[in-house]
Structures are given as C-alpha cells and as structure tokens.
Amino acid sequence: MIKSPRGTRDLLPPDTALWNFVEAAVRDVFRAYNFHEIRTPIFESTELFVRGVGEETDIVSKQMFTWEDRWRSLDSGDNLPPGPQFEAIKQQTDAMYAASRRRGQSLTLRPENTAGVVRAYIEHKLWDRGLNKLFYIGPQFRRERPQKGRYRQFYQIGAEVIGPASAGSESPARDAEILELLATLLDRLGITKWTLELNSVGSSSDRVKFNDALRQALAPVVEKMCADCQRRAVTNPLRVFDCKVPEDQPIIDTLPTITQFLSDESRAHYEAVKQILNAVGIPYVENPRLVRGLDYYTHTAFEFTHRALGAQNAILGGGRYDGLSEALGGPAAPGIGFAIGEDRLVLSLMETESAESVVRKPDVYIAPLGAGMNRQAARLARELRRHDLVVDLGDESFRLKKSFEAADKMGARYILIVGENEVAADAFALKHLASGEQVTVPRAELAQRILRKK
Ligand code: AMP
C-alpha cells in the first residue's frame, strides 16, 4: 500500500468543514480590516529564503526541501520557424538552453510566506500602491521531526502590512492594529485561552550592540553548550535563544536580554504599541527572551500561545521586519506581519467545536422510486438547489428502506419521495425525518415548505 509521506496527512470530511469554517471566519475578519489576498508560488528560488529568512536559522540550515532544477523555463530554439534568418538566433538560444541545463537553478518549497510576499512587493513595485495590507492562506513545507501539531506540510494563514514609510508603514499603530486583529480573530473563532507574548528586538543597530554583549557573555560558557550554540555564538549569537536543548537553558537564562540595549527610539516605538493595546483592552505578557525564528525581525516581535496545544503551543507568531525588503534588493519598505499555524488553530478549535457541528447537513434527500424516476428526481433536485437548499439524492434502483437509511445516515432533515403517482399528480410526499410527520406538497410549494420548517 502506498501511504502519504511522513509528516503529511490527508484532511478528510467532516474535519475539512472545520478548516473551511476557520478560513471563512478569517476572510471575514480580513475584510473588516481592509486586507486583500495575495497568492505567491509554492516554490521559489532557494536564494530568496537564504537571504530573506537567514542562513543561520533552523529553517534554512536544516529544514528546507530544496532541489536542483535542471530545466530552467527558457525556450529552446526548437520553437522558432524554419528559415535561414532564424539560424543565428536558434544557435544562440540553443547554447543558452544547454548552458542553463548544465548550470541549473536551486529551488525550494516555501518554508514560510513572508519572503515570497516581499519578493512580490519588489517585483511588482507595490510601493506605487502606498500601504499594502495583504493576507495569504496556504501550505508551507519544513523538514521537521513530525509530532502532534508539527508537520512537514502544514498550513499558514498570514498577513503582511508593507509599504513606504511615507504611507505609515513604520508606525506603531500598524503593529497594534495587527495585534488587535489577531485577538479579534481568535475571539471570533471562540478560542479564548490565548496568551499574547510581546517583545521588542530593537533596531538593527541596537542588535549590533546586543550581539556584542551576547558574544562576551557567551565566551566563558559556550564550551558547555550544544554544538549548534557553539556555532551560533560565533556567527549569530541571537539565535542561541532558539536553542531547545534542556541542558543549555540554565545558561541561556543568565544571558543579557535585548531590553537593556534598546535605543530611545526603539523604546518609544515599543511603548507606543503597548499604549494602544492598553487603550483597546488587549492583554499581553512581556517576554524579553522572545526573538522569533527569522533574522530580519526588528522592533515588535510576538507570539500567541494556547494552553491546550501542549509542547507545540505556539499558535501564531510574527513581528516587524523593517530591513527585509532591502536585504532582498528592494527599496526601504518597513513592514509587519504574522503567520498563524492553521493546523494548530484547528486543533485548538476542536476543543470546543466538533466538525459535525459546523457541517451543513442536507435539507432534503430525494428518493426516486422505480424505473424512470432518476430523471424526475434530477429535475426536482435542480429546482430545489436553486433556492440554496442542500439536496442529495439516491437512485431509482434503491428500495425505499435503503433510501431512508441513507437519508438518516447523512443527517438529512427531510426525505422527498418521487414515484410514478407523485409525478402524475405533480405533488410529492415530504417526510420530516425527526418527527415522522408526512405531507403531500405540490411541486411549486416544495422549496418554501422545506425552507420554512427548520
Ligand atoms: P513561524 O514561521 O515558525 O513563526 O511559524 C508560525 C506558526 O506556524 C507557528 O506559530 C506554528 O503555529 C505554525 N508552524 C510552524 N511550523 C509548523 C509545523 N512544522 N507544523 C505545524 N505548524 C507549524
């Protein structure tokens, strides 16, 4: 038997109803905040993530699905019409094609979506539109050790606010709006037991000072730490805070925190965010060790955690990334964003909501009875579905008992019997399954009758 690859899974009904419920609610919330959808490719050039996420991050150093793509999308000269005037071009394109096949291109399944969005921002000069408020919903890929709440293909719902500083992209008001949106979103979904952990990781110049201080603090202790930390201590000491090795934690607890190194400006930004959160009544907990997984975060960094999730309790994370566009070769474009783990969101939702409860069951099951009745049933189904009724139907070969069982099993509200007598009278037997009450209803009144009695 061929099984789905390790770390991937099939989402089946009725669970998919919960996923759709989440996505519909999320789209409603994004609409209220004037966000618009962006869809970027599922794979990008590897370099985008190396530069946009950071070489020293776990994602880039360990978790990417990367391959060498030898067939670049260059046209070969074969597509040119025959004729001596095309010979030179043909030879030239063939040579380029052959060279590109030899050279190849490194591609990677996206492990996150911010880099792709910022690439699209640069590629399409989205700064012309002023402030961009974008959201996405889609699969991401990381080669991690699978466990509950952690998969190799998982789904993220994310948003990015990005644009030139003149459009207000740098303002702490954007940070606060994003955080308030997230609180609204979780509340709307009925997920109440969340904690917002908040920190400022400062500007890149604050971090230069902080990194120096970290290097100094690490020097005398780093030998006792894991191999990853020993490397990080040299290349990118901030990443030491990502370490999950239990023995290293007491050492990490003694390291300085970024808070001491924030400039007046960074401090003012952080204060302004907190003031707006206080004003709108969003509770938060400050966590000065929260640095998040990506290298380009500046100022505000945050995570929402949920108690029910256990070890993988981060339901979403995000932050400001004012230098990212420049790191990818674009113009200055301050931005802030987040990514919700949709898999984990659905897991926490399952605590309070069963998939069954959000599935819309059929309003009516049509039971054609006897030869030639499929046609009649199809006509009726078509008429009823036009009234936004959920309609399912059986087959003329089924005995009535079998149709009743099918209707019961799918939780239909009514069964509609379509036999020769009914067709002749153009009135049909409609039975309410819960009460057993049965009436004969003329064709023209069927939809209203089914709609009426909920
Ligand atoms: P990150 O981009 O690492 O900040 O991830 C943002 C959110 O995506 C996390 O808070 C998780 O909820 C979710 N997430 C990250 N990695 C995985 C994974 N391997 N499986 C499921 N969810 C994940």
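On a predicted model such as this, the values are computed, not experimentally measured, just so you know.

Chemist: Got a minute to help me understand the overall build of the protein in this structure?
Modeler: Helices and strands together make up the secondary structure of the protein, namely 17 helices and 16 strands. On C-alpha atoms alone, the protein measures out to a radius of gyration of 29 Å, which is more than a quarter above the 22 Å that the 2.2 N^0.38 rule sets for 454 residues. Principal axes of the C-alpha set define a box for the protein whose edges measure 90 × 75 × 50 Å. Burial statistics for the protein: of 454 residues in total, 48% are counted as buried. By sequence separation, contacts in the protein at least 24 residues apart represent 71% of the contacts at least 6 residues apart. In the form shown here, the protein has an accessible surface area of approximately 22,600 Å², with 51% of it arising from carbon and sulfur atoms. Measuring between centres, the 61 positive side-chain charges of the protein sit 4 Å from its 61 negative side-chain charges.

Chemist: Just checking my understanding: could you explain the site of the ligand for this structure?
Modeler: Around the ligand sit 15 residues, and of these Arg-142, Glu-144, Tyr-151, Arg-292 and Ala-314 come closest. Within the backbone of Ala-314, an N or O atom sits 2.9 Å from an oxygen atom of the ligand. Leu-316 places a polar main-chain atom, nitrogen or oxygen, 3.4 Å from an oxygen atom of the ligand. For the ligand, whose accessible area on its own is 480 Å², the fraction buried by protein is 89%. At the level of secondary structure, the elements contributing two or more residues to the shell around the ligand comprise strand E6 (153-162), strand E10 (314-320) and strand E11 (335-341). Per-element tally for the shell around the ligand: the top contributor is E10, with four residues. Residues of the shell around the ligand, tallied by class, amount to six nonpolar, four polar and five charged.

Chemist: Help me out: how do you make sense of helix H10 (residues 264-280) in this one?
Modeler: Residues spaced three or four apart along an α-helix point in a common direction, a consequence of the helix completing one turn every 3.6 residues. The terminal C-alpha atoms of H10, which comprises 17 residues, lie 25 Å apart, in line with the 24 Å expected from a rise of 1.5 Å per residue. Within the span of H10, buried status applies to Ser-266, His-269, Tyr-270, Val-273, Lys-274 and Leu-277. Buried residues along H10 cover an arc of 130° about the axis, so they all sit on one side. Opposite the buried face of H10, by more than 90 degrees, sit the exposed residues Asp-264, Glu-265, Gln-275 and Ala-279. In this fold, the buried residues of H10 make contact with helix H6 (172-188), strand E7 (194-200), helix H7 (204-218), strand E8 (285-286), strand E9 (298-306) and E10.

Chemist: Mind showing me how you'd approach the packing of aromatic side chains here?
Modeler: The geometry of an aromatic ring pair comes down to the distance between the two centres and the angle between the two planes. Tallied over the entire structure, the rule returns nine aromatic pairs. Their ring planes at 10° and their centres at 6.4 Å tell us that Phe-30 and Phe-338 sit as a pair that is stacked. Here Phe-338 lies in strand E11 and Phe-30 lies in helix H1 (residues 15-32), a separation of 308 residues in the sequence. You'll find Phe-30 and Phe-338 in the same group, each marked buried.

Chemist: Help me out: how do you make sense of the environment of Ser-354 in this one?
Modeler: By the secondary structure assignment, Ser-354 is in the loop between helix H12 (342-349) and helix H13 (355-358). Exposure remark for Ser-354: the relative accessible area of 39% places this residue in the partly exposed category. Between the C-alpha atoms of Ser-354 and Pro-14, which are 340 residues apart in sequence, the distance is 9.2 Å.

Chemist: Help me understand a nonpolar patch on the surface, please; the structure alone is not making it clear to me.
Modeler: A contiguous nonpolar surface patch, about 260 Å² in accessible area, is contributed by Ile-42, Phe-43 and Trp-67. As for its position among the elements, Trp-67 is in strand E3 (residues 66-69). A relative accessible area of 31% places Trp-67 in the partly exposed class.

Rules used in this analysis
- Residues numbered from 1 in each chain as written.
- Predicted model: local features only at pLDDT ≥ 70, side-chain atom pairs only at ≥ 80, totals over all residues.
- Heavy atoms only, no water.
- Helix = DSSP H or I, 4+ residues; strand = E, 2+ residues; numbered from the N terminus.
- Rg over C-alpha atoms; globule rule 2.2 N^0.38 Å.
- Buried < 20%, exposed > 50% of the residue type's maximum accessible area, 1.4 Å probe, protein only.
- Contact = heavy atoms within 4.5 Å.
- Areas by Shrake-Rupley, 256 points an atom, 1.4 Å probe, with all protein chains shown as cover.
- Lys, Arg positive; Asp, Glu negative; His and termini not counted.
- Charge placed at Lys NZ, Arg CZ, Asp CG, Glu CD.
- Near = heavy atom within 4 Å.
- Polar contact = N/O pair within 3.5 Å; in protein donor to acceptor, adjacent residues only side chain to side chain.
- Nonpolar A, V, L, I, M, F, W, Y, C, P; charged D, E, K, R; others polar.
- Expected span 1.5 Å × (residues − 1).
- Arc of directions from axis to C-beta.
- Phe/Tyr/Trp six-rings, centres within 6.5 Å; stacked < 30°, edge-to-face > 60°.
- Patch = residues over 30% accessible without salt bridge, like charges linked within 9 Å, V, L, I, M, F, W, Y side chains within 5 Å.
- Salt bridge = Lys/Arg side-chain N within 4 Å of Asp/Glu carboxyl O.

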